Structures are given as structure tokens and as C-alpha cells.
Amino acid sequence: MQSTKPTHVRYLILLMLFLVTTINYADRATIAIAGSSLQKDLGIDAVTLGYIFSAFGWAYVAGQIPGGWLLDRFGSKKIYALSIFTWSLFTVLQGYVGEFGLSTAVVALFMLRFLVGLAEAPSFPGNARIVAAWFPTAERGTASAIFNSAQYFATVLFAPLMGWIVYSFGWQHVFIVMGVIGIVFSGIWLKVIYSPRQHPMINDAEFKHIADNGGMVDMDQDKGKGKGKKGDGPKWDYIRQLLTNRMMLGVYLGQYCINGITYFFLTWFPVYLVQERGMTILKAGFIASLPAICGFIGGVLGGVISDYLLRKGHSLTFARKAPIIAGLLVSSSIVACNYVDVEWMVVGFMALAFFGKGVGALGWAVVSDTSPKQIAGLSGGLFNTFGNIASITTPIVIGYIISSTGSFKWALVFVGCNALVAVFSYLVIVGPIKRVVLKEPPVSGPETNNKLSEAHS
């Protein structure tokens, strides 16, 4: 590092996070894009396909805490690269399940989707760790919002491409193409990603700017070498402390509700347009991209507003909570769709709701602000565990509501209530936003005696 005009390597790091998250969400969507053709070719019924869809969510939730622990133990660079390579390899392999008989193909596809979910588990905790290491506090909201907004960008960019691949070449090729893209990117990741202190392109001025303004620049120092002392990595007592912290519980509840809104749009929204509003599936496919575009814009804007408030001298608590609460109040407007019949107004309220959800989706910035240094990955994993339980519960609950009532009206009320519960969580439960300070569990044995002796001397 040399002391000259500050470099801007952290923006290259942010670009890498945005790209990898785009690939991440595109690989999640491959099965949805290929689902109809795959179902026809393999003779899979709707119930079986539903179980295959669910395989990712169960594994992704189960892998959050182990994934976060691995990030804390061995560092973000190598664990994340391994994650990208592995989930991409499992994606490629899904393109070959058609070579087997029906029963074997179903089992293979379920297991491969399960393994994709497990391999992707470290991704978002890894994003949060890297942002915490590379970005000052006043830039962290924008950085987190940008990588989080890639989930919407993936839908806008890759859904038409994957649809064209399936239409032109067959469903097998969408898995192969997307998997190969990820495998290539894992190699690029290893070349570009380093901790701030170790990056060959950073200079002293940028490093000092990051370190002096809240960046956790030494988070991965001496990690990633594949070995460590006994007791390295987070202890289970740390999880207990996070789960008994009122602020963190409020953040977890808020994220669960925010993801409930997300998974309505990822699962039931196109069905709503076809069954409740009488659109063709082709038209619904194009219409479904509009909320994604609005969510992308809102997601970036929420981070920009939050960091602007912070730079203007507002407290971290106000700067983070104001966009979250305002955005989620706007998102609750989804219920207005029950009271309008004009098509463009329905689409407009849906787009407005997803825009508001994007503005309010600052949970990862809050995690970067609050996670203890020694377990930043584990803290992100725990946060993502609670948030992604919604990927399992929301589609099921909405399915039961529709089955019981025969319409989507109460389903939209359910989604709107998710937004309001998240608002309540941040207003009442979370309280002031600040970094969690963990208490070290007591250590017994010779090491303790030596430390006590040194203290007395």
C-alpha cells in the first residue's frame, strides 16, 4: 500500500458482490424457468414438482449457521469461492437428470436442488462480512442495498435469457449454461477478492479511510489458511447471547416479515395475475418483471437515503429505521389491489408495494452495523435463517388461504400484514441500533490460571 490519492478498490469489491448475487438468484430461478418443460418431459406431477421446489429452501435455511461458522473460521474469500463453485457444479448436474428413469430422476433432482441450497448458504452472510470489512459505516447502507438489489436485477436480466434458452434448446441447457457461468466466476472471485489489508490494489489512503470510519478491516486477518488453534471459531454461547438480545430478535422478526413479501412475488404473484385477474401466462410473465424493476430501484434508493441521513448527522438508529419503516408502510399498499378492478391500477399498486419493500429492505445493512467482529458470519447466518423461514411458510400459508376462501383477497391482506408487523418490530422491539458486544464465556484450566497470574502481577 502506498500513500497517494485514495484508490476506490472497495467499489470493485461491491461490483463483485453485485455480480455474484445476481448469479446466485439466477441459479435459484433455473428450476422455476425450466419447471414446466421439465415436468412435461419427465412426467412429473404438480405435487412432486412442488416437493422439488421446496428442496432448496429447506437446505438453505439449515445451512445458514454452519455456513456462517465456516466464514468466521476460515474467512470470506475461500469459503465463498468454494460455495460459488459447488452450487454451480450442482446446477450443471441438474441438466443431466433426464438421462435417468423417472423415479431416479426425481430423487436426483431433489437431492441436487437440496445441495444447491446447502452450497448457497454462506452467500449472504459472506456478503455482509465483506461489506463490514470494506466499507465505512456511512457507506454501508448503500453498499448493502446494492448487493441486495441484485435479487431483482437477476429476474430482469436472466429470466428472459433463460426462457429463450429453454424455448430454443431445451430445459437441460439452462442448467448447464448458468452452472458454467458460476464456475467461471468462482475463478474470477479468487483473483479479485482479498481483505482490505491484503488487497494488492488498495493504497494507504483508502485503507485509512475505511479503517478510521468503522470498517472492520482485520476481520479475516490470519484466516483462510485451513488450520487454527483448538477453540477457534464462534462458540455456541455466542448464539445464545444473540438470541436473547432484544434488538437482534426484533431485526430477525422484521426480516422474516420482509421476506414474506418477497416470496409472495417470487411464487404466487404470476398465479394471481392469471387466476384472479384473467391475464394470459405470456402477459403475466412480462407484467411480473415490473415489480422486480421497481424493487431494484427502491432497493438502491433505500440504501442511498439511509447513508445520506447518516452523513447529515442523524443517528445510526434514525438513518436505518426511517427508510425501513417508510418503505414498509408503502409496501402495505398491496391490500389496495382488493379494491380496484382496472388492470393498470392493479399492476401499479403491486409495483408500488415492491418498490416500498425494496426501500425498506435494509436488514443486511443493520446486520453489518450490529454484528460482533468475532462472529460476523455466524450473526449473518442466524439472521438469514430467520428471514428465509418465510421461503417455506409464506407459499404454504397463502396456498391454504386461497384453498379456504377461493380467492386472493385475504392472501393480499396477509402480505400487507407482514409489512405492518415488520414496521411494529422496528418501531417497538428493535430499539437503538448499535453493535452487539459479546461476553466471552468463562475459560477454565491452566490458561485461565496463567491469565489470572499475569493480571495479579
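Before any of the text, the structure's been laid out above.
Worth saying up front: this structure is predicted, and the values here are computed from it rather than measured.

**Brief notes about the side chain of Ser391**
- With respect to the helices and strands, the residue Ser391 is situated in helix H17 (residues 390-405).
- With relative accessibility at 16%, the residue Ser391 sits in the buried group.
- Reaching out from Ser391, the side chain makes a polar contact with the backbone oxygen of Asn388 at a distance of 2.6 Å.
- Aside from chain neighbours lying at most four places away, what touches Ser391 is Gly57 and Tyr263.

**What to know about the packing of aromatic side chains**
- According to the stated counting rule, one finds 16 aromatic pairs in the structure shown.
- Between Trp364 and Phe383 the ring centres are 4.8 Å apart and the planes differ by 75°, which places this aromatic pair in the edge-to-face class. Here Trp364 is found in helix H15 (residues 363-370), whereas its partner Phe383 is found in helix H16 (residues 376-388), with 19 residues between them in sequence.
- Residue classification places Trp364 among the buried residues on the basis of a relative accessible area of 3%.
- By relative accessible area, Phe383 is classed as buried at 0%.
- Of the aromatic side chains, those joined through ring pairs into one cluster are Tyr25, Phe124, Phe147, Trp364 and Phe383.
- Above the plane of the ring of Tyr11 lies Arg10, whose end atom (NZ or CZ) is 4.8 Å from the centre.
- Sitting over the ring of Tyr194, Lys77 keeps its end group 3.5 Å from the ring centre.

**Quick word on the pattern of salt bridges**
- Within the structure shown, the criterion is met by 10 salt bridges.
- Its salt-bridge partner being Arg140, residue Asp369 comes within 3.3 Å of it at the nearest N-O pair. Note that Asp369 is positioned in helix H15 and Arg140 in helix H7 (residues 137-169), a separation of 229 residues in sequence. As far as burial versus exposure is concerned, Asp369 and Arg140 are alike and both buried.
- Counted as one network, the salt bridges with shared partners bring together Arg140, Asp307, Arg320 and Asp369.

**A short note on helix H18 (residues 409-429)**
- With 21 residues, H18 should reach 30 Å at 1.5 Å per residue; the first-to-last C-alpha distance of 29 Å fits that figure.
- Close packing links the buried residues of H18 with helix H11 (246-275), helix H13 (316-331), helix H14 (343-360), H15 and H17.
- Of the residues trailing H18, Gly431 is marked for its positive phi of about 70°.

The rules we used
Residues numbered from 1 in each chain as written. Predicted model: local features only at pLDDT ≥ 70, side-chain atom pairs only at ≥ 80, totals over all residues. Heavy atoms only, no water. Helix = DSSP H or I, 4+ residues; strand = E, 2+ residues; numbered from the N terminus. Buried < 20%, exposed > 50% of the residue type's maximum accessible area, 1.4 Å probe, protein only. Polar contact = N/O pair within 3.5 Å; in protein donor to acceptor, adjacent residues only side chain to side chain. Contact = heavy atoms within 4.5 Å. Phe/Tyr/Trp six-rings, centres within 6.5 Å; stacked < 30°, edge-to-face > 60°. Lys NZ or Arg CZ within 6 Å of the ring centre and 35° of its normal. Salt bridge = Lys/Arg side-chain N within 4 Å of Asp/Glu carboxyl O. Expected span 1.5 Å × (residues − 1).

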